[in-house]
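# A structural walkthrough
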Amino acid sequence: MCIRDRTGTGKTAAFGLPILHKIDASKESVQALILSPTRELVQQIKKQLFKFTKYTDNKIFCEAVYGGEKIDKQIANLQRTTHVIVATPGRLIDLIERGEVQLKDVKTLVLDEADEMLSMGFKQDLNRILKYTNETSSTWLFSATMPEEIQKIIKKYMSPNAIRIAVNQNSLVNENITHQYIKTSIKEKTNLIVEFLEKRPDDRGIIFCRTKAGTQNLANQLKEEGFSVEALEGNMQQKERDRAMRIFKNGNCQCLISTDVSARGIDVNNLAFVLHHQLPEQLEYYTHRSGRTARAGKTGFSLAFVLPYELEQIHKIQKELGIQFNEISF
């Protein structure tokens, strides 16, 4: 099955519940494999599956494997009964090559955020994993976009009769999000963000930056202004990333300042807003960034701080995604 989906549609439940339903708990082997591009998303999927297993008749065991954590610890965890593995491609290949993971009994394979895995350089790893799992009876591919490389994977590894589903094809962006922009200068941008946060002390959200250094700089500036914020970017150690996400998810800070590492899949309840310190370089990331708010039927807004020359990009986003931006001022 090939699915083009938008954000906030309950995707984990859509593939997680059928997977758990098909597991034969009397067997100790791995029967389902879920691949996802980032450590944070892998951890989140495993956590959600664990919640679902509380309502199954038999005990089903899930393990998450991903880079950034000691591989010996993950190998030890896999020595226990494991029915479902949630993994990033690179770490899974490492474990397969060490002989620590056997996929011969895998009946269901999920490629989550397939386009993102390719854009992050996992093409070779994905092809190798797909060869290991070519006897699976069910392969589900989820992707926000369908570029040529995704089409090649579908053609090579999936049935020509695979069902293709487009969720809200004419509305790739959640209709419950209000899209806004404010014109500014580089010098005034941080001051405007400070003013924004001061006016909404009870609202929580995510501020997206393009670069790792920019993420840390903005987080430090906002901390100096007295705001409770945490930074999240790819150069941080895994324990630091876990700590930042834990603090944010528990509601112990107002904002997460992040690169696009958290744009896809991170599900935090009741986020009122998404701010774009800079617009993303790739169009589809606007969809994923803004989709962190207005989840589960709620409303929210996405606000971009744009320099004059970036207005053209605003018009492009409007046209390509079929949305309308409103200009605001403080």
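Worth saying up front: this structure is predicted, and the values here are computed from it rather than measured.

Let us now look at the overall build of the protein. The helix and strand inventory of the protein stands at twelve helices and 14 strands. Since a compact globule built from 330 residues should have a radius of gyration of about 20 Å, the 20 Å found for the protein is in line with a globular shape. When its C-alpha atoms are laid out on the principal axes, the protein stretches across 60 × 40 × 35 Å. Burial analysis of the protein (330 residues in total) assigns 54% to the buried set. In the protein, the share of contacts with a sequence separation of at least 24, taken over all contacts with a separation of at least 6, comes to 75%. Accessible surface computed for the protein: about 15,900 Å², of which carbon and sulfur atoms make up 45%. Side-chain charges in the protein split into 46 positive and 40 negative, and the spacing between the mean points of these groups amounts to 3 Å.

Quick look at the layout of surface pockets now. Reported here for the second largest pocket is a volume of approximately 630 Å³. Along the walls of the second largest pocket sit 25 residues, with Gln43, Tyr66, Gln238, Asp242 and Arg246 positioned nearest its centre. For the lining of the second largest pocket, the elements supplying multiple residues, two or more each, are helix 2 (39-53), strand 3 (62-65), helix 3 (71-78) and helix 10 (238-249). The leading source of residues in the lining of the second largest pocket is helix 10, at seven residues. Grouping the amino acids of the lining of the second largest pocket by side-chain chemistry returns four nonpolar, eight polar and 13 charged.

As a further point, take unusual backbone geometry. The backbone of Glu113 shows a phi angle near 55°, a positive value even though the residue is not glycine. By the element assignment, Glu113 lies in the loop between strand 5 (108-111) and helix 5 (114-119). Take Glu113: its relative accessible area is 5%, and that puts it in the buried class. If you check the backbone angles, Asn270 has positive phi at about 60° while not being a glycine. By the secondary structure assignment, Asn270 is in the loop between strand 11 (255-258) and strand 12 (273-276). On the accessibility criterion, Asn270 (52% relative accessible area) is exposed.

Another point: a positive patch on the surface. A cluster of basic residues, Lys47, Lys51, Lys54, Lys59 and Lys249, forms a positive patch on the protein surface. If you trace the backbone, Lys54 turns up in the loop between helix 2 and strand 3. Judged by relative accessible area, Lys54 falls into the exposed class, the value being 56%.

For the rest of this paragraph, the subject is the state of the cysteines. As enumerated under the stated definition, the model contains zero disulfides in all. No disulfide involves Cys209; its sulfur sits 11 Å from that of Cys255, the nearest cysteine. Here Cys253 is not disulfide-linked; the sulfur of Cys255 is the nearest cysteine sulfur, at 7.4 Å. Of the residues examined, Cys253 reaches a relative accessible area of 4% and is grouped as buried.

A separate point is the sheet that holds strand 9 (residues 205-208). Spatial ordering of the open sheet is given by 10-11-9-12-13-8-14, a layout of seven strands whose pairing is parallel. Here the strands that pair on one side only, and so sit at the sheet edges, are strand 10 (229-232) and strand 14 (325-327). Averaged over all pairs of adjacent strands, the angle between their axes in this sheet comes to 20°, without regard to strand direction. With seven bridges joining them, strand 8 (residues 177-183) and strand 13 (residues 300-306) adopt parallel strand pairing.

Criteria and thresholds
Residues numbered from 1 in each chain as written. Predicted model: local features only at pLDDT ≥ 70, side-chain atom pairs only at ≥ 80, totals over all residues. Heavy atoms only, no water. Helix = DSSP H or I, 4+ residues; strand = E, 2+ residues; numbered from the N terminus. Rg over C-alpha atoms; globule rule 2.2 N^0.38 Å. Buried < 20%, exposed > 50% of the residue type's maximum accessible area, 1.4 Å probe, protein only. Contact = heavy atoms within 4.5 Å. Areas by Shrake-Rupley, 256 points an atom, 1.4 Å probe, with all protein chains shown as cover. Lys, Arg positive; Asp, Glu negative; His and termini not counted. Charge placed at Lys NZ, Arg CZ, Asp CG, Glu CD. 1 Å grid on protein atoms, 1.4 Å probe; cavity = no way out; pocket = protein on both sides within 12 Å on 5 of 7 lines; lining within 4 Å. Points joined across faces, edges and corners; volume = space filled by probe spheres on them. Nonpolar A, V, L, I, M, F, W, Y, C, P; charged D, E, K, R; others polar. Patch = residues over 30% accessible without salt bridge, like charges linked within 9 Å, V, L, I, M, F, W, Y side chains within 5 Å. Salt bridge = Lys/Arg side-chain N within 4 Å of Asp/Glu carboxyl O. Disulfide = S-S within 2.5 Å. Pairing = 2+ DSSP bridges. Axes fitted to C-alpha atoms, helices over the stretch in contact; angles between N-to-C directions.

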